[in-house]
Every structure is written in C-alpha cells, then in structure tokens.
Amino acid sequence: MDTIVVGNGIIALTVAFRLAKRAAATDHVTIVGPAARPGSATMAAAAMLNSFAELDAASLDSEIGFQHFELSHLASRRWPGFIKEILAVAGSLLPPGCAKCEGPCGGCFALGTYLINNAAADSLDDENFDAVVAALEKFDEPFERVSPRDIPNYQPEERQRATRAVYIPNEGWINPRLLVEVLEAALSRFPQVSFIEGEVDRFIKPGARIEAAQLTDGRRLGGDRFVLATGATVSGVLDRSELGIEVQRVFYGVGVSLEIRSPEFPHSKCIRTPNRGFVGGLYSVPYFTGPGEPTDHILIGATNFISPVPRPNGRVGSVESLMRAAMEQINSNFYRADLVRVNVGWRPTSQDTLPLVGKTSIDNLIIASGTKRDGLHLSPVLSEKVVAMLYDEPTDPEFRLFDPERKPHKLLTREAAIRKGVRHLMSAAYQHGFAPAKSRMKDQVAAMYRQDLERLHDQVGAIDWGIPPDMFDMYRYGHARG
Ligand SMILES: Cc1cc2nc3c(=O)[nH]c(=O)nc-3n(C[C@H](O)[C@H](O)[C@H](O)COP(=O)(O)OP(=O)(O)OC[C@H]3O[C@@H](n4cnc5c(N)ncnc54)[C@H](O)[C@@H]3O)c2cc1C
C-alpha cells in the first residue's frame, strides 16, 4: 500500500510515524513538504501541552467542545509514552546527547505549568481562571493553589502582578523544532518511508478516487491513499484540485512568538495567563535548545489575527505587544534578555474554529487540519485516529463531529456570540493599553462594539445563530459565509 502524506508539520509527521510503525515490508509512506516549512504553525509553537489551562468559561458547554477537551485530556496522558516511543525508534540517529534521554527528564519535554490571574487585561481573565479551576476540580486533575510570590522566575511589574495562581503539574511543553528533528530521524529509520522536497499544487482525480498528487514543479506522485495535512493551506490545495467535495474554508491564524535568551533569569516552568482577547493568553515557556546547551532560552507567545491569505511576516505591533507584556507581566528583567528569533506561524483555523479531521467522501482521501492553537498537543491522539481510519478500524462515533465535510458547527446563539465578542474586544483593548475616561466611556465603548456586532450579524443574515468571534472579520469582508 502506498500512502502519500501531504505536508510536513506535526500532524503529517506524527501520522507518518504511526503509519510507518505498522507498515508491512512492501508498504510505502511518502511525506511531501518544503524543507524550509514557510509559515509552519508547528515551528512557531511554544509548544505548550496544555489542556485544562486552555479552557475558558464556555469551552465545555457544547458536545463538540466537550469532545475536543476529551481529546486534549487524553493527549496529556499520551505524551510521556509517545516521546519515549519516538526516541526509541530514532535510537542512534538522535542528535548527540539525546540518545541518553529516556523521555520526560527535563529536557525538550517537561511538565509543570503555573496559571496566573493578574489584572493586566480585564475581568475576562478572572472568569476564565475560575473556569480552569472548576474543571480541574470537576475532573479530579492534580493541581495546587500557590502564592504568585513563590513562582520561580516570576517578577512582574508591581501593578501587573497576579493575585491568584495555580500550579498544574501534568501540563507541560516541548521544543517543537527539536521534536520535528527527532521525528524526522525516527522516520528515516524505516526503509518504507521517503521524504519528497516540494509543494503539492493539487490532487489528480480522473474517476472516483485520487490517483496522484501533483507538485508545483509538475512532478506527480501516484499512491493508493492520500492524507492532506498541510495546515492552513489545505483550502488552497482542495480548491485547485476541484474534487467536487465541500470542505469549509481554513483560514490563516497568523501568530507571532518570540524566542529570547535570558541567562540571568531563566525559566524552569511554564508561566501563563488564562485565555484572553481572541488569543490563548500570554505565556512564557522554557525553550530547551539541545542536550548540553544552557537552559536559558524562553518562548514568549503569542499573538493572533485571522487572514484569508498567507502572511509571511509578523506585525511590528505583535512583536511590541509581546515584548511589553512579557516584561510587564512575567519578569521585568527580560528587558535585558536577548531577542533570538521572531517566529511567524499560521494556525490552521477552520470557519467554525474546530478541527477538521477524518475520511472524506472520496474513498482514498483523509484530511487532518483545523487544529488552530492546540494541534501540537493533540498530535499523539489525532495521528492515532487518522491511522485507525487508514486501516478502516472503528473510531469513536463522537469523532464524526470533526468530519471534514460537515457543515460548519454553529455553537453560539446570536446573543451569546455578540456577548462573547464584546468581552473579547474589550479584553483585547485593555491588553493594548485602553484607559477609559472615568465618565461612562467603558460602557459606551462596549455599547459601540455591541451595535457593530449586531449590524454585522444582520448584514450576514445571522439571525438565529452567532458568528464565532474569531471569524468576525472574515464574515465582515465576505471571506466566510453561511
Ligand atoms: C504562535 C503559535 C503558537 C502556538 N502554540 C501552540 C502551543 O503552545 N501548543 C499547541 O499544541 N499548539 C500551538 N500552536 C498551534 C499548533 O502549532 C498547530 O495547531 C499545529 O502545529 C498545526 O500543525 P499542522 O501540521 O497541521 O500545520 P503546520 O505546522 O502549519 O504544518 C503544515 C506543513 O505543511 C507544509 N505545506 C504547506 N502547504 C503545502 C503543500 N501545498 N504541499 C506540501 N506541503 C505543504 C508547510 O510547509 C508546513 O510545514 C501554536 C501556533 C502558533 C502559530
């Protein structure tokens, strides 16, 4: 059986890894993608392996929200074993020093996240902090209430300090660049696996099944089955392929993260806020750069804006706001840290903002994208599901909720979407320095946002459903419909 995996981010590589482990001697697994990985979300990620810390007040209200959380919760349990599995296969091909690592030993993968509740944005943070704590209690997840003063390397400016914090010992992080390196080393161990440098332009489907993937340079790769896992670019590939299937559009969630070097003030744990203002909050994560290297790099993340087209560069404002937030809210000594790298990655963000993973009505095509801001964390579980589907094994019926050809889920009522939108717009405004006059300015601005969002809902005919707040501008400018 010849499987062509299109894409070379975390989803494609983990699918290929699980597939290669099951491959018979006559099987082939081909991974196609550009070595430079422009816009790869994977390479820009922190990458936090957070599940509870990602929740907000409404995350568990819908069936699909709950299923998404279940996948994420399962992924937290899978990671330690998954890392060991990859390292075991890579063996002597690991970067020097890695071979001694047997899994979670405080190197590229480690555990421990502090969630802080500060007053730098607005009360949306308090609501979401409470929601995380309520979920930790409900699901019996280990956590500890701690004094913010006891958080290692946490030295915010006085007026931005947190008053509440919890420590979640089972939520960690991994350096995605090292992970990709190790996964590629592991994959190269399998004689059935080959890597093709290039970009797929379209699929060729002369009849009912896909016959080949055609690259932009004209080469054609024939195969028995195809997995489309190119992150935010999947819609472009599908449009050009004219396959006759309807898959909701995937947008570019352009995100910036910063790698800094802070030798005098290094992190040993992840320190983050709850979700706020259209992003996953402010976070700062130890960034292990390699065995034997000083452990003084930190990843600061992240910003987000949704775009219908790829944007190769980050915005100056994104870099400015991350630097300022890290110095004010995490450690004012970062003022003297080195700026090592500015990452720009495209979070694959579907119109309904939920993953698109599963079989399609074309017998030999599976799509795996739409993971937005937690695809790295979900990858051990999503890859398991995709490989089960490739082998026609049963998956949980609930997983059909993520079917790539579904109509976009409409999770919010119009009123809930508008209320949530106003909350997030106000939160974003406070993060960007909003200081209302002491008259009724705050209420007036909130009322102005509400009127605008009501007009937007009228304009697109969203009378008995609500637009996901991430997608307001995509509906406003006609890039998303229905
Ligand atoms: C700033 C930022 C921070 C994040 N932080 C976290 C985090 O802390 N935790 C977490 O779990 N997730 C995080 N995410 C989200 C996570 O990175 C994504 O959900 C995940 O990486 C998506 O993986 P992917 O393989 O689908 O896409 P990508 O990583 O984007 O990979 C797609 C790959 O396909 C290649 N490609 C594109 N087009 C083609 C084509 N036509 N043919 C062949 N190849 C192609 C690209 O070059 C790319 O390498 C973050 C994202 C960003 C941007």
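Keep in mind that what you see is a predicted model, and the values were worked out from it rather than measured.

What counts and what doesn't
- Residues numbered from 1 in each chain as written.
- Predicted model: local features only at pLDDT ≥ 70, side-chain atom pairs only at ≥ 80, totals over all residues.
- Heavy atoms only, no water.
- Pairing = 2+ DSSP bridges.
- Helix = DSSP H or I, 4+ residues; strand = E, 2+ residues; numbered from the N terminus.
- Axes fitted to C-alpha atoms, helices over the stretch in contact; angles between N-to-C directions.
- Contact = heavy atoms within 4.5 Å.
- Buried < 20%, exposed > 50% of the residue type's maximum accessible area, 1.4 Å probe, protein only.
- Parallel < 35°, antiparallel > 145°, perpendicular 65-115°, else oblique.
- Left-handed = near helix turned anticlockwise from the far one by under 90°.
- Nonpolar A, V, L, I, M, F, W, Y, C, P; charged D, E, K, R; others polar.
- Polar contact = N/O pair within 3.5 Å; in protein donor to acceptor, adjacent residues only side chain to side chain.
- Core = buried A, V, L, I, M, F, W, Y, C linked by side-chain atoms within 4.5 Å.
- Salt bridge = Lys/Arg side-chain N within 4 Å of Asp/Glu carboxyl O.
- Near = heavy atom within 4 Å.
- Areas by Shrake-Rupley, 256 points an atom, 1.4 Å probe, with all protein chains shown as cover.

Peer 1: Explain the sheet that holds strand E10 (residues 220-222) here, please?
Peer 2: The strands making up a sheet associate through backbone hydrogen bonding, with each pair oriented either parallel or antiparallel. Pairing within the open sheet is antiparallel, and its three strands lie in the order E8-E9-E10. Because the sheet does not close on itself, it has two edges, and the strands there are strand E8 (200-204) and E10. Geometrically, the sheet is characterised by an average inter-axis angle of 25° between neighbouring strands, direction not taken into account. In terms of strand pairing, E8 meets strand E9 (residues 212-215) through four bridges, oriented antiparallel. Paired with Ile204 across the bridge in E9 is Ala212.

Peer 1: What is the right way to look at the sheet that holds strand E19 (residues 365-369) in this model?
Peer 2: Strand order in the open sheet formed by six strands is E7-E2-E1-E11-E19-E18, with mixed pairing between adjacent strands. Here the strands that pair on one side only, and so sit at the sheet edges, are strand E7 (193-197) and strand E18 (356-359). Strand-to-strand twist of the sheet, defined as the mean angle between neighbouring strand axes without regard to direction, takes the value 20°. Note that strand E11 (residues 225-228) and E19 share three bridges and pair parallel. When the sheet's bridge partners are listed, Val227 is paired in E19 with Ile366. Sitting on the sheet, helix H8 (residues 375-390) touches E11, E18 and E19, and the angle it makes with E18 is about 20°.

Peer 1: Explain the pairing of strand E12 (residues 250-261) to me, please; I cannot follow it from the model alone.
Peer 2: A regular strand places its side chains on the two faces of the sheet in alternate fashion. When you tally the buried positions in E12, you get 11 out of 12 residues, the bulk of the element. As defined by bridge partners, E12 adjoins strand E17 (residues 338-350) across 12 bridges and the pair is classed as antiparallel. By the bridge assignment for E17, Val250 is matched with Ser350. Of the strand pairs in this sheet, E12 and strand E16 (residues 305-307) are connected by three bridges, and their pairing is antiparallel. For Gly253, the partnering residue across the bridge sits in E16 and is Ile306. Pairing of E12 with strand E15 (residues 297-301), which is carried by five bridges, proceeds in the antiparallel orientation. Bridging from a neighbouring strand, Ile260 pairs with Ile298 of E15.

Peer 1: Help me understand the packing of helix H9 (residues 414-431) against helix H10 (residues 441-459) in this model?
Peer 2: How two helices pack is summed up by the angle between their axes together with the distance between the axes. Contact pair H9 / H10: the axes reach a minimum separation of 9 Å and the direction vectors enclose 135°. When the axes of H9 and H10 are compared, the pair comes out oblique. Crossing geometry of H9 relative to H10 is assigned as right-handed. Where H9 approaches H10, its residues Arg414, Glu415, Ala417, Ile418, Arg419, Gly421, Val422, Leu425, Met426, Ala429 and Tyr430 are matched on the opposing element by Lys442, Val445, Ala446, Tyr449, Arg450, Leu453, Glu454, His457 and Asp458. In terms of residue class, the contact of H9 with H10 is made up of 11 nonpolar, two polar and seven charged.

Peer 1: Would you explain the side chain of Ser62 in this entry?
Peer 2: Position of Ser62 among the secondary structure elements: in the loop between strand E3 (48-49) and helix H3 (63-90). There is a polar contact of 3.0 Å between the side chain of Ser62 and the backbone nitrogen of Gly65.

Peer 1: Can you help me understand unusual backbone geometry in this one?
Peer 2: Among all residues except glycine, the phi angle is most often negative; among peptide bonds, the trans geometry is most common. In the segment running from Ala46 into Ala47, the intervening peptide bond is cis, with an omega of -10°. Relative to the helices and strands, Ala47 resides in the loop between helix H2 (41-44) and E3. Of the consecutive residues Gly301 and Ala302, the connecting peptide bond is found in the cis state with omega at -25°. Relative to the helices and strands, Ala302 resides in the loop between E15 and E16.

Peer 1: Teacher, can you tell me more about the nonpolar core here?
Peer 2: Note that soluble globular proteins tend to have their nonpolar side chains buried in a common cluster. Of all hydrophobic cores here, the largest spans 55 residues; its most connected members are Phe17, Trp79, Ile174, Leu179 and Leu376. When residues in this core are grouped by element, the largest group, 10 residues, is from H3. Ignoring anything within four residues of it in the chain, the contact list for Phe17 reads Phe82, Glu85, Ile86, Val89, Leu183, Ala186, Leu187 and Phe190. If you look at the next biggest cluster of nonpolar residues, it comprises 26 residues, including Ala165, Val256, Ile298 and Val319.

Peer 1: Got a minute to help me understand the pattern of salt bridges in this structure?
Peer 2: Side-chain pairing between opposite charges can occur once the charged atoms of the two side chains come close. Scanning the model with the defined rule gives 31 salt bridges in all. For Arg219, the salt bridge is made with Asp217, and the minimal N-O distance between the two is 2.9 Å. Residues Lys385 and Asp396 are paired through a salt bridge, measuring 3.0 Å at the closest nitrogen-oxygen approach. In this pair, Lys385 sits in helix H8 while Asp396 sits in the loop between H8 and H9, placing the two residues 11 residues apart along the sequence. Under the relative-accessibility criterion, Asp396 is labelled partly exposed at 40%. One salt-bridge network, in which partners are shared between bridges, spans Glu415, Arg419, Arg450 and Glu454.

Peer 1: Hey, could you run me through the site of the ligand in this one?
Peer 2: In the vicinity of the ligand, 39 residues are found, and the nearest of them are Asn8, Thr42, Met48, Thr371 and His377. Residue Thr42 places a side-chain N or O atom 2.4 Å away from an oxygen atom belonging to the ligand. Met48 has a polar backbone atom sitting 2.7 Å from an oxygen atom of the ligand. In isolation the ligand has 1,000 Å² of accessible area, and contact with the protein removes 97% of it. Looking at the shell around the ligand, the elements that each hand over two or more residues are helix H1 (10-22), strand E2 (28-33), H2, E17 and H8. Looking at the shell around the ligand residue by residue, the class counts come to 18 nonpolar, 15 polar and six charged.

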